[in-house]
Amino acid sequence: MRVIDREEVATRLTYEVCIPIVREAMIAFSAGRTRQHLRSILPLAKGAFGIMPGALGEAAPFGAKLISVYPGNPASGRQAHQGLVILFEPETGEPVCVVHAGEITAIREQAATHARAMTKVRDIEAITVWGRSPERAETFAARMAAELGLPVTAASDVETAVAEADIICTVSSAREPILHGAWVRPGTHLNLVGSSVAGPVEVDNELVARARFIADSREGVLAQGSEFLAAKTAGLIGDDHIVAEIGQVLAGDIVGRRSADEITVYKSLGHVVQDLASAWALYASDAPG
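Attention here is on the structure that accompanies the text. A quick note: this is a predicted structure, and the numbers were derived from the prediction, not measured. (Residues numbered from 1 in each chain as written. Predicted model: local features only at pLDDT ≥ 70, side-chain atom pairs only at ≥ 80, totals over all residues. Heavy atoms only, no water.)

### Considerations on the nonpolar core
Formed by 29 residues in total, the largest nonpolar core has its most connected members in V9, V85, L87, C97, V99 and I104. For this core, the secondary structure elements donating two or more residues are α2 (15–30), β6 (81–88), β7 (95–100), α3 (101–109) and α11 (272–286). Per-element accounting of this core gives the leading share, eight residues, to α11. Sequence-distant contacts of V85, that is, excluding residues within four places in its chain, are made with A64, K65, C97, V98, V99, A101, I104, D275, L276 and A279. If you look at the next biggest cluster of nonpolar residues, it comprises 23 residues, including L207, V221, F228 and L269. (Core = buried A, V, L, I, M, F, W, Y, C linked by side-chain atoms within 4.5 Å. Buried < 20%, exposed > 50% of the residue type's maximum accessible area, 1.4 Å probe, protein only. Helix = DSSP H or I, 4+ residues; strand = E, 2+ residues; numbered from the N terminus. Contact = heavy atoms within 4.5 Å.)

Pasting the structure below:
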């Protein structure tokens, strides 16, 4: 059985490789060509354990992602997300590869990788960051400025950080809103990524209600999208507030932004077809034959 470790994933799964893979995976998902269940999440004392099964199609590679999320890990220099992606060959059902899930998850979800990824798809002029620890935020800003060759500054509060932003990425472990709709200017796009289970919320109900709301998975957000569920419970929105899945936008079936002043939100819970497609691409590209 092939084993692809963290270092190999980090080396081979570049943004140039990963972006088109995830794009096509989400188009296939929204078109109904993939197969998957909602993830099962087991709460733990210091984090959570998730099981995410899926298949890239009826006669395509399949498998599961086994992932732990320990928000306190970064303080000790460890990734918050730890786990494995197990791949099965579709013809015989044999397990053929185990891939370290940390880097596959990180390239889609974490602060540094978000900053890097945005520069690959948009003409970014400057980046502002905020974190609960001012010292860590300053260190992060200095590191990313040196790496990206862009002005990167640390703000003292969230309102200041987002005041002039065109794109906002929330990748926190906040349990209560840290970002308020009143602070977000018209025309802003937001990627809500930090909360991946029902309960913790990063933004307030007003922002959700104001925005054109796009999900990675409609079913997933209706079951586990905490910001959406909070605004729904408050009576501000209904299920039809989810206007599209990202795969429908990428396929050109539904328009994302309709005007320059519209606030758009993409709620990402993370999806197993992204992990399976990325892991299978690494396995298949060096498999014998």
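### Overview of the layout of surface pockets
Here the second largest pocket is characterised by a volume of approximately 1,100 Å³. In this structure, the second largest pocket is lined by 30 residues; those nearest its centre are M118, V121, N191, I246 and Y266. If you list the elements that add at least two residues to the lining of the second largest pocket, you get α2, α3, α4 (111–121), β11 (189–192), α10 (246–250) and β14 (264–267). With six residues, α2 is the single largest residue contributor to the lining of the second largest pocket. In the lining of the second largest pocket, the residues fall into 16 nonpolar, nine polar and five charged. (1 Å grid on protein atoms, 1.4 Å probe; cavity = no way out; pocket = protein on both sides within 12 Å on 5 of 7 lines; lining within 4 Å. Points joined across faces, edges and corners; volume = space filled by probe spheres on them. Nonpolar A, V, L, I, M, F, W, Y, C, P; charged D, E, K, R; others polar.)

### Remarks on the pattern of salt bridges
According to the stated counting rule, one finds 11 salt bridges in the structure shown. Where D275 meets K65, a salt bridge forms, and the shortest distance between an N and an O atom there is 3.2 Å. A residue pair is termed long-range when its members are at least 10 positions apart, and D275 in helix α11 and K65 in strand β5 (residues 62–69) qualify at 210 residues. Grouping residues by exposure puts D275 and K65 together as buried. Here E147 and R116 are joined by a salt bridge, their closest N and O atoms 2.5 Å apart. Of the two residues, E147 is situated in helix α5 (residues 134–148) and R116 in helix α4; the sequence distance between them amounts to 31 residues. Salt bridges here are not isolated pairs; linked through shared partners, they connect R2, E8 and R12. (Salt bridge = Lys/Arg side-chain N within 4 Å of Asp/Glu carboxyl O.)

### A few points about α5
In this model, α5 (15 residues) spans 21 Å end to end at C-alpha, consistent with the 21 Å of a helix rising 1.5 Å per residue. Along α5, the residues classified as buried are A137, F140, A141 and M144. Angularly, the buried residues of α5 cover 105° about the axis, an arc narrow enough to put them on a single face. When the buried face of α5 is taken as reference, the exposed residues oriented beyond 90 degrees from it are E135, T139 and A146. Buried-residue contacts for α5 involve α4, β8 (127–129) and β9 (152–154). G149, located one to two residues past α5, shows a positive phi value of around 70°. (Expected span 1.5 Å × (residues − 1). Arc of directions from axis to C-beta.)

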